[in-house]
Amino acid sequence: MTAVHHVKAHAVHVAGVGHDHRRRRGPVTTALDGVDLTIAAGEFVAVVGRSGCGKSTLLRILAGLLEPTRGTVEVTGGADHVGMVFQEPNLFPWYSVRDNVALPLRLSGMDTARRRARADALCRDVGLAGFEDAAPGELSGGMRQRAALARALIRDPAILLMDEPFGALDALTRDEMVTDLADLHAAAGATVVFVTHSIPEAVQLADRVVLLTPRPGRVHAVVDVPLPRPRRDTTEPAFQDVVRQVRDALGAADS
């Protein structure tokens, strides 16, 4: 029997979690199996692994969007305390940036003036000042993802889940977003679980890097990132040493 509990501590605890994809036709496939992971309050954890190893499945389980087939998941306060940023911004094209960002507050019943003020403040925080009235179609890909990030932060989540949010961006915009996210995390102190295919990106952002095996995904290794922040210079030998350590562990996970 699976169980999902909501705990007071601002942390995530996953024990023996597995998830099977069941199709109408064809065999059942196991995406995750026996995943154990504990994330402390305020910690930034990056999850890396080959495509199809269950990274996104794990994030959706933490968000409450999927039920684990087995195992237990403990998440701070439930869905009301979790924000999520997907690979695509998923903005409503008929809403302005402000209204997209403020949508969770609108759904929770907050009055118009308060939610607009909160949305405008977050637009400033993520670098969208002056674009509050723009339509999503008028924005670049990076700006749309900034709006999606602001929407995820609108209710001050204790936990922020991010599923390859910068994967579709050009290299320069991606670098800018990584720097801005590091600054936002330092200011807000939320617990972050960040899925990425980029090992340098993981090392630049995370306190720890979790490596999953190829499907079915299991935790193969957890690499600490003992580097001072901010980590602006990714060419430093100490930074490159951690990148190599993660790459070596990922290669071992594949074998």
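In what follows, the accompanying structure is described. (Residues numbered from 1 in each chain as written. Predicted model: local features only at pLDDT ≥ 70, side-chain atom pairs only at ≥ 80, totals over all residues. Heavy atoms only, no water.)

**As for the overall build of the protein**
In terms of helices and strands, the protein carries 7 helices and 10 strands. Taken against the 2.2 N^0.38 rule, which gives 18 Å for 255 residues, the C-alpha radius of gyration of the protein at 18 Å falls within 12% of a compact globule. Overall, the protein is about 50 × 45 × 40 Å in size when its C-alpha atoms are taken along their principal axes. Buried positions account for 49% of the 255 residues belonging to the protein. Excluding contacts between residues fewer than 6 apart, the proportion of contacts in the protein whose partners are at least 24 apart in sequence is 72%. Accessible surface, the protein: about 12100 Å² in total, of which carbon and sulfur atoms supply 51%. (Helix = DSSP H or I, 4+ residues; strand = E, 2+ residues; numbered from the N terminus. Rg over C-alpha atoms; globule rule 2.2 N^0.38 Å. Buried < 20%, exposed > 50% of the residue type's maximum accessible area, 1.4 Å probe, protein only. Contact = heavy atoms within 4.5 Å. Areas by Shrake-Rupley, 256 points an atom, 1.4 Å probe, with all protein chains shown as cover.)

**Description of unusual backbone geometry**
Leaving glycine out, the prevailing phi sign among residues is negative, and the prevailing peptide bond configuration is trans. Each neighbour pair has its own omega, and for Arg215 with Pro216 the value is 0°, a cis peptide bond. You can see Pro216 is positioned in the loop between strand S9 (208–212) and strand S10 (219–224). At the junction of Arg229 and Pro230, the peptide bond is cis and its omega measures out at -5° in the coordinates. Along the chain, Pro230 falls in the loop between S10 and helix H7 (237–254). Backbone geometry at Asn90 places phi at a positive 55°, although glycine is not the residue there. By the element assignment, Asn90 lies in the loop between strand S6 (82–85) and helix H2 (97–107). Unusually for a residue other than glycine, Asp156 sits at a positive phi of about 50°.

**Notes on the packing of aromatic side chains**
Going through the model one piece at a time under the given rule, you end up with 5 aromatic pairs. Here Phe44 and Phe194 contribute two aromatic rings whose centre-to-centre distance is 5.8 Å and whose plane-to-plane angle is 50°, an arrangement assigned as tilted. Residue Phe44 is found in strand S4 (residues 44–48), and its partner Phe194 is found in strand S8 (residues 191–195); the two are separated by 150 residues along the sequence. Judged by relative accessible area, Phe44 falls into the buried class, the value being 1%. (Phe/Tyr/Trp six-rings, centres within 6.5 Å; stacked < 30°, edge-to-face > 60°.)

**Focus: the packing of H2 against helix H4 (residues 141–153)**
Where H2 meets H4, the closest approach of the two axes is 7 Å, and the angle between their N-to-C directions is 30°. Considering their axes alone, H2 and H4 lie roughly parallel with respect to each other. For the crossing formed where H2 meets H4, the hand is right-handed. Here H2 contributes Val97, Asn100, Val101 and Pro104 to the contact with H4, which in turn contributes Ala147, Ala150 and Arg151. (Axes fitted to C-alpha atoms, helices over the stretch in contact; angles between N-to-C directions. Parallel < 35°, antiparallel > 145°, perpendicular 65-115°, else oblique. Left-handed = near helix turned anticlockwise from the far one by under 90°.)

**A word on the sheet that holds S6**
Taking strand neighbours across the sheet as the criterion, the 6 strands line up as S6-S7-S8-S4-S9-S10 in an open arrangement whose pairing is mixed. The sheet is open, and its two edges are formed by S6 and S10, each paired on a single side. For this sheet, the mean inter-axis angle between neighbouring strands, taken without regard to orientation, is 15°. Taken together, the 4 bridges between S6 and strand S7 (residues 159–163) define a ladder with parallel strand orientation. Its bridge partner being in S7, Gly83 is matched across the sheet by Leu160. The sheet strands contacting H4 are S6 and S7, and the helix crosses S6 at an angle near 170°. (Pairing = 2+ DSSP bridges.)

**Examining the layout of surface pockets**
As a volume, the largest pocket reaches approximately 470 Å³. Along its surface, the largest pocket is lined by 18 residues, and Val82, Gly83, Met84, Pro104 and Arg155 are the ones closest to its centre. Counting only elements with at least two residues in the lining of the largest pocket, the list comes to S6, H2 and H4. Each residue belonging to the lining of the largest pocket can be placed in one class, and the counts come to 14 nonpolar, 1 polar and 3 charged. Per-element accounting of the lining of the second largest pocket gives the leading share, 5 residues, to helix H5 (residues 171–188). A per-class count over the lining of the second largest pocket returns 11 nonpolar, 1 polar and 3 charged. (1 Å grid on protein atoms, 1.4 Å probe; cavity = no way out; pocket = protein on both sides within 12 Å on 5 of 7 lines; lining within 4 Å. Points joined across faces, edges and corners; volume = space filled by probe spheres on them. Nonpolar A, V, L, I, M, F, W, Y, C, P; charged D, E, K, R; others polar.)

**Regarding H2**
Here H2 lies mainly inside the structure; 8 of its 11 residues are buried. If you check which residues of H2 are buried, you get Val97, Arg98, Asn100, Val101, Ala102, Leu103, Pro104 and Leu105. Residues of H2 that are buried sit in contact with helix H3 (112–125) and H4. Gly109 occupies a position one or two residues after H2 and carries a positive phi of about 95°.

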